Amino acid sequence: MFEKFTKKAIDVLLSAQNYAVELNHQKVSSEHILLGLKELSKGVQEKILGFNKIDIQELKTLVAYCQVQNENNNTKDIFFSIEARSILKKTVELTKELNSKFTMPQHLALAIYTTKDSNAYKILRQFNIDEEKIIPNLKRILDKSSDIKPLHPELEENSIKSNINDFFKEKTISQILSNAQSKLSAKGYEILGTEQLLQSILDNKDYEITGLLNKYSINSTTYQEHLDAFSSRNLEFENSEKQIIFTPNAFSALLAALDLAKETGSVGIEAQHVVLGILKIKKGIAYRILSSLIPDKTEFFDSVIKKTNENIPETLNILRLAKQEARDLNTSTIGTEIILLGILSYGAGIAYETLKRLGITLKDARNEVEKLIVPQKQVEEPIYSLRAQQVLELAYKTAREHKRTAIKSENLLYGITKTPDCLAMNVLSNLGTDILEIRQGIKQELLGGMDL
């Protein structure tokens, strides 16, 4: 059923499950889906759905009375009710009826608006919402979606999924997980959560990140005091159907840690990446504790990078510049062509020197990129395209294979050449160069150092 659901639509359903657990309800029903939609709808989207007139606390109060609370509070028993499954079935039908390529949150909202015997619709009726205007607008917007050209040629709904076995190859991660698992028996738990990951890190005073956290009065003792205040692990569970050694949030934190390692130019996952991964996913018990003790998350992130590196890593600089290029070009997608602009905008490093020798300039590259992407009217926080994720993965693996101390610009450029169907290679080809010239240029700049 969920094959065509976009990530945002899946996130709505995960949020619905969270609310069902939080409210101690036995089933995920239509009213929880409504809560998930309200929580994740922002700006123009919120107005289109008519949710700008809904106060989420008031909505949560109304939803709380829709079901009898489950005294056992067993998260494993949370499943979709008959009413919720009916909404999901109607959502899929609307996707087909409106010729939409993917199922989006708007389809879920339209299904609720047109299922008038559901709890969600009955709750909506209590707010001052003009459904006679909203329903036709939604249908018109969704009906056009199949005819709209993609905002970015590399934009795909799928993303690179890292193999969990990769984590056990990392010396530091293996150490953290081993210590974290030993703490489970003390609590009588069988599934490892973010709270054990962070507790394991705080127990090791040799980690750089441990000393930095201590400055925020976060140590083993104070952390345990905050941890003891949690009477349940509900915050750790988003998808209770997954039977894995990690809670879903711990698994997400480790995946985020791997992404952050790549984005900050590291060739290994260290303790600081796990802590930053917990902060990045913004979920779980450990995040709740860290969030209450660290007032400025951006400042903390920068302080971690400075603590573990004398200078801002080359790759991190390039990707930050790439994000700015994406904003300047009014796109929410960081594709391989945007990473290429980041390399050229950085103006230093082996990749830049290689491209410079081949006559590739930032101005010319920008002109080519502008021909390939469609500007957006509303730009959200940039995300990496599938091809860009592949380039980062290739850069990470190449740097590790050649025992580099960090991911460098040449690893990124080499990753681009290993992804011949990407937009960056399209741009470079239009500017008169090819894969062989680029690879040879990198070798020359390295003075025969790296065997590509």
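In this report, we go over the structure that sits alongside the text. If you're wondering where the values come from, they're calculated on a predicted model, not measured in any experiment. (Residues numbered from 1 in each chain as written. Predicted model: local features only at pLDDT ≥ 70, side-chain atom pairs only at ≥ 80, totals over all residues. Heavy atoms only, no water.)

1. Things to note about unusual backbone geometry
(1) Moving on: The phi torsion at Asn99 lies on the positive side, around 55°, for a residue other than glycine.
(2) Moving on: Within the element layout of this structure, Asn99 appears in the loop between α5 (82-97) and α6 (105-113).
(3) Moving on: Positive phi values are uncommon outside glycine, yet Lys403 reaches one of about 55°.
(4) Moving on: You can see Lys403 is positioned in the loop between α22 (386-401) and α23 (409-417). (Helix = DSSP H or I, 4+ residues; strand = E, 2+ residues; numbered from the N terminus.)

2. Notes on the packing of helix α11 (residues 194-202) against helix α16 (residues 285-293)
(1) Moving on: Where α11 contacts α16, the two axes come as close as 6 Å, and the packing angle between them is 55°. By the angle class used here, α11 and α16 are oblique. For the pair α11 and α16, the contacting residues are Thr194, Glu195 and Leu198 in the first and Ile285, Ala286 and Leu290 in the second. (Axes fitted to C-alpha atoms, helices over the stretch in contact; angles between N-to-C directions. Parallel < 35°, antiparallel > 145°, perpendicular 65-115°, else oblique. Contact = heavy atoms within 4.5 Å.)

3. A short note on the nonpolar core
(1) Moving on: Residues Leu198, Ile209, Leu213, Val274, Leu290, Phe300 and Ile416 are the most contacted members of the largest nonpolar core, which totals 81 residues.
(2) Moving on: It is helix α14 (residues 248-263) that contributes the most residues to this core, eight residues altogether.
(3) Moving on: The contact partners of Ile416, leaving out residues within four places of it in the chain, are Thr336, Ile343, Val391, Cys422, Ala424, Met425 and Leu428.
(4) Moving on: Judged by nonpolar contacts, the second largest core, of 41 residues, contains Ala9, Leu23, Val63 and Leu88. (Core = buried A, V, L, I, M, F, W, Y, C linked by side-chain atoms within 4.5 Å. Buried < 20%, exposed > 50% of the residue type's maximum accessible area, 1.4 Å probe, protein only.)

4. Section: the packing of α11 against helix α15 (residues 271-281)
When two helices pack together, their arrangement is captured by the angle between the axes and the distance separating the axes.
(1) Moving on: It is the contact of α11 with α15, at a shortest axis distance of 10 Å, that shows an interaxial angle of 145°. By crossing handedness, the relation of α11 to α15 is classed as left-handed. Of α15, the residues touching α11 (which contributes Thr194, Leu197, Leu198 and Ile201) are Ala271, Val274, Val275 and Ile278.
(2) Moving on: Of the residues in the contact of α11 with α15, the class split is seven nonpolar, one polar and no charged. (Left-handed = near helix turned anticlockwise from the far one by under 90°. Nonpolar A, V, L, I, M, F, W, Y, C, P; charged D, E, K, R; others polar.)

5. Description of the pattern of salt bridges
(1) Moving on: Scanning the entire structure with this criterion turns up 12 salt bridges.
(2) Moving on: Glu22 is paired through a salt bridge with Lys60; the nearest N and O atoms lie 3.1 Å apart. Taken together, the residues Glu22 in helix α1 (residues 7-22) and Lys60 in helix α4 (residues 56-64) connect sequence positions 38 residues apart.
(3) Moving on: Accessibility expressed as a relative area gives 18% for Lys60, which makes it buried.
(4) Moving on: A salt bridge links Glu131 to Arg125; the shortest N-O distance between them is 2.9 Å. (Salt bridge = Lys/Arg side-chain N within 4 Å of Asp/Glu carboxyl O.)

6. Some remarks on helix α21 (residues 362-372)
Note on helix geometry: an α-helix contains 3.6 residues per turn, so any two residues three or four positions apart are oriented the same way.
(1) Moving on: Buried residues of α21: Ala365, Glu368 and Val369, and no others. All buried residues of α21 fall inside an arc of 100° around its axis, so they share one side. Turned more than 90 degrees away from the buried face of α21 sit Lys363 and Lys371, all of them exposed.
(2) Moving on: Lining the buried residues of α21 we find α19 (336-346) and α24 (423-430). (Arc of directions from axis to C-beta.)

7. Overview of the environment of Ile281
(1) Moving on: With respect to the element layout, Ile281 can be found in helix α15.
(2) Moving on: The class of Ile281 is buried, set by a relative accessible area of 17%.
(3) Moving on: In sequence terms Ile281 and Leu254 are 27 residues apart; their C-alpha atoms lie 9.8 Å from each other.
(4) Moving on: Among all residues touching Ile281, those that are not within four sequence positions of it are Asn249, Ser252, Ala253 and Ala256.

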